[in-house]
Amino acid sequence: MTDVEIEYCVPCGHLNSAQDVQGALLEQFGMELDGVRLKTGDGGVFTVSVDGELVFDKAEDDYDVDEITRRVREHVGASA
């Protein structure tokens, strides 16, 4: 099974984006995931990690829920 963590900047107002990604991942993968955890942060952070491995960083990539889901899918398939 797979653990996903979404760290998001609270002061920046990234909560809605974090919830959008969380919902998309749960809808797409459901019981294939152990969980999708939201972790508060600051300093503009918005990252997605799968089993501790960074798969998305807003500082380096354009925000795209579909692309984030695709990147997570690569790891869910690998751990199955």
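Every value quoted in this text rests on a predicted model; they were computed, and no experiment measured them. (Residues numbered from 1 in each chain as written. Predicted model: local features only at pLDDT ≥ 70, side-chain atom pairs only at ≥ 80, totals over all residues. Heavy atoms only, no water.)

### Side note on the nonpolar core
Taken as a class, soluble globular proteins show a tendency for nonpolar side chains to be buried jointly.
Next up, step 1: Membership of the largest hydrophobic core comes to 17 residues, with the highest contact counts inside it found for Val4, Ile6, Leu25, Phe46, Val48 and Val72.
Next up, step 2: Elements with a contribution of two residues or more to this core: strand 1 (2–9), helix 1 (15–29), strand 2 (33–41), strand 3 (46–50), strand 4 (53–57) and helix 2 (65–79).
Next up, step 3: If one sorts the elements of this core by residue count, helix 1 sits on top with four residues.
Next up, step 4: Discounting chain neighbours no more than four positions away, the residues touching Val4 are Leu25, Leu33, Gly35, Val36, Arg37, Val48, Ser49, Val50 and Val72. (Core = buried A, V, L, I, M, F, W, Y, C linked by side-chain atoms within 4.5 Å. Buried < 20%, exposed > 50% of the residue type's maximum accessible area, 1.4 Å probe, protein only. Helix = DSSP H or I, 4+ residues; strand = E, 2+ residues; numbered from the N terminus. Contact = heavy atoms within 4.5 Å.)

### Quick notes on the pattern of salt bridges
Note that side chains of opposite charge can pair when their charged atoms are close.
Next up, step 1: Throughout the structure, instances matching the rule amount to five salt bridges.
Next up, step 2: Between Asp61 and Arg71 there is a salt bridge, with the nearest N and O atoms lying 3.1 Å from each other. Within this pair, whereas Asp61 is found in the loop between strand 4 and helix 2, its partner Arg71 is found in helix 2, the two being separated by 10 residues in sequence.
Next up, step 3: Relative accessible area serves as the criterion here: at 23%, Asp61 is assigned to the partly exposed category.
Next up, step 4: Looking at Arg71, the relative accessible area reads 18%, which means it is buried.
Next up, step 5: One salt bridge in this structure joins Glu67 and Arg70, with 2.6 Å as the shortest N-O distance. With Glu67 and Arg70 both in helix 2, this residue pair falls three residues apart, about one helical turn.
Next up, step 6: Owing to a relative accessible area of 25%, Glu67 belongs among the partly exposed residues under this scheme.
Next up, step 7: By relative accessible area, which is 35% here, Arg70 ends up partly exposed.
Next up, step 8: Linked through salt bridges whose partners overlap, the residues forming this network are Asp61, Glu67, Arg70, Arg71 and Glu74. (Salt bridge = Lys/Arg side-chain N within 4 Å of Asp/Glu carboxyl O.)

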